[in-house]
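What the coordinates show
Below are the chains, spelled out letter by letter.
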Amino acid sequence: MQSQNQTQSNKAMQPNMAPNQNQNHGGHELFDAHEVIAGVISMLDQYQMYDQHIQDQELKDILHRQSTFVTQMYNTVVQSFQTGQDPKMPTQQYKMQQNNNAVYGLKPGQPKKPNQSVNELSDQGLSAYMLGQTKSLASLLTMTALEMTNPVLRRVISDSVPNFIEMSYEIFLYQNKNGYYQVPQLNQQDMNQMLQSYQPAPSQTH
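Here, residues in each chain are numbered from 1, in the same order as that chain's written sequence. Restriction of local features to residues with pLDDT of at least 70 applies here, the model being predicted, together with a cutoff of 80 or more for giving and counting side-chain atom pairs; totals for whole chains, interfaces and linings are based on all residues. Think of the side-chain values as coming from all heavy atoms in the structure, minus any hydrogens and water.

Moving on to the packing of aromatic side chains. Ring pairs are drawn from Phe, Tyr and Trp, using the six-membered ring of Trp, whenever the two centres fall within 6.5 Å, and their geometry is named by plane angle: stacked under 30 degrees, edge-to-face over 60, tilted for the rest. For the coordinates displayed, the defined rule picks out six aromatic pairs. Ring centres of Tyr-47 and Tyr-50 lie 6.1 Å apart, and the angle between their planes is 45 degrees; this geometry places the pair in the tilted category. Of the two residues, Tyr-47 and Tyr-50 are both situated in helix 2 (residues 27-51); the distance of three residues between them amounts to about one turn of the helix. Judged by relative accessible area, which is 9%, Tyr-50 ranks as buried. Geometrically, the ring pair formed by Tyr-169 and Phe-172 is stacked, given 6.0 Å between the ring centres and 15 degrees between the ring planes. Note that Tyr-169 and Phe-172 are positioned in helix 5 (residues 151-177) at a spacing of three residues, about one turn of the helix. Where helices and strands are cited, they refer to DSSP runs of H or I of at least four residues and of E of at least two residues respectively, numbered from the N terminus. Only protein chains enter the accessibility calculation, which uses a 1.4 Å probe. A residue is then buried if its area is under 20% of the maximum for its type, exposed if over 50%, and partly exposed in between.

Now for the packing of helix 3 (residues 57-83) against helix 5. Comment: axis = line fitted to C-alpha atoms, over the contacting stretch for helices; angle = value between 0 and 180 degrees taken between N-to-C directions. Running from amino to carboxyl end, helix 3 crosses helix 5 at an angle of 170 degrees, the nearest separation of the two axes being 11 Å. In terms of orientation, helix 3 lies roughly antiparallel with respect to helix 5. Counted together, Glu-58, Leu-59, Ile-62, Arg-65, Gln-66, Phe-69, Val-70, Met-73, Thr-76, Val-77, Ser-80 and Phe-81 of helix 3 and Val-152, Leu-153, Val-156, Ile-157, Ser-160, Asn-163, Phe-164, Met-167, Glu-170, Ile-171, Tyr-174 and Lys-177 of helix 5 form the full contact between these two elements. The labels follow the angle: roughly parallel below 35 degrees, roughly antiparallel above 145, roughly perpendicular from 65 to 115, and oblique for the rest. It only takes one pair of heavy atoms within 4.5 Å for two residues to be counted as in contact.

We now examine helix 6 (residues 188-195). With zero of its eight residues buried, helix 6 lies for the most part at the surface. The definition of a polar contact used here is a pair of N or O atoms within 3.5 Å, where within protein one atom must be able to donate a hydrogen and the other to accept one, and adjacent residues in sequence count solely through side-chain atom pairs. Looking at where helix 6 begins, the residue whose side-chain oxygen comes 3.2 Å from the main-chain nitrogen of Gln-189 is Asn-187.

Right, let's get into the packing of helix 3 against helix 4 (residues 123-145). For the pair helix 3 and helix 4, interaxial distance at closest approach is 11 Å and the crossing angle is 25 degrees. When the axis of helix 3 is compared with that of helix 4, the two are roughly parallel. Two packed elements cross with a definite hand, and for helix 3 against helix 4 that hand is left-handed. Contacts from Leu-59, Ile-62, Leu-63 and Gln-66 in helix 3 reach Asp-123, Ser-127, Met-130 and Thr-134 in helix 4. Under the scheme applied here, ten amino acids are nonpolar (Ala, Val, Leu, Ile, Met, Phe, Trp, Tyr, Cys and Pro), four are charged (Asp, Glu, Lys and Arg), and all others, including Gly, are polar. Of the residues that constitute the contact of helix 3 with helix 4, the class distribution is four nonpolar, three polar and one charged. Rotating anticlockwise by less than a right angle from the far helix to the near helix defines a left-handed crossing, while the corresponding clockwise rotation defines a right-handed one.

What follows concerns the confidence of the model for the protein. For the protein, mean pLDDT is 88; residues scoring 70 or higher make up 87% of the total. Per-residue confidence from the predictor is reported as pLDDT, a score between 0 and 100. The element-level mean pLDDT for the protein is lowest in helix 1 (residues 4-13), coming to 50, with helix 4 highest at 97. Note that pLDDT drops below 50 for residues 9-19; the model gives that stretch two contacts with residues more than four away or on any other chain.

The next point concerns the side chain of Thr-76. Inspection of the secondary structure assignment puts Thr-76 in helix 3. A polar atom in the side chain of Thr-76 sits 2.9 Å from the backbone oxygen of Met-89. Setting aside its immediate chain neighbours within four residues, Thr-76 contacts Pro-87, Met-89, Pro-90, Thr-91 and Val-156.

Have a look at this one:
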């Protein structure tokens with residue numbers, strides 16, 4: 001017959017049983033989730049500040065559309081984080097309104113320099129700030145999803161990555177169309193050489 005000390009010792013050596021649904025998070029995952037949620041809040045807060053300075057109505061529309069979408073995404077992430085269960089509002093798909101036509105080539109322009117005051121804020125700079133935030137969150141959510149143990153939160157986070165990619169592309173296309181984000185190209189010969197640098201691998205059959 002085991003002594004009480006032996007019984008307690010055996011219990012201490014046993015792995016923890018599966019926790020409740022709202023508690024099945026690893027410690028690393030909790031820190032990452034907090035970083036993601038804080039990053040989303042930061043984006044929404046800063047979009048409110050940008051809104052006061054944007055002049056172009058098209059850029060304002062992009063900002064408002066993205067803010068509305070990300071606010072809903074924020075609520076979905078928070079609910080799945082706190083409950084560990086499927087959220088009432090599942091992840092949605094962001095639909096940009098820009099077309100996919102990029103303008104290639106460089107045109108001469110004024111060299112850039114830091115603003116000396118808030119009065120020098122421009123749509124070019126503000127759209128660049130927006131792009132920086134959506135790109136950063138796309139990377140952060142991707143890295144975070146790889147470290148998730150809670151299956152629901154992992155799916156919500158990973159499903160949100162394509163949305164931030166789409167938002168980034170929408171802002172890029174807006175900038176590109178207005179000459180803020182120019183796209184240089186290689187000459188035709190160099191481009192063709194790089195395009196023809198690979199060939200298909202033979203199919204593997206087992």
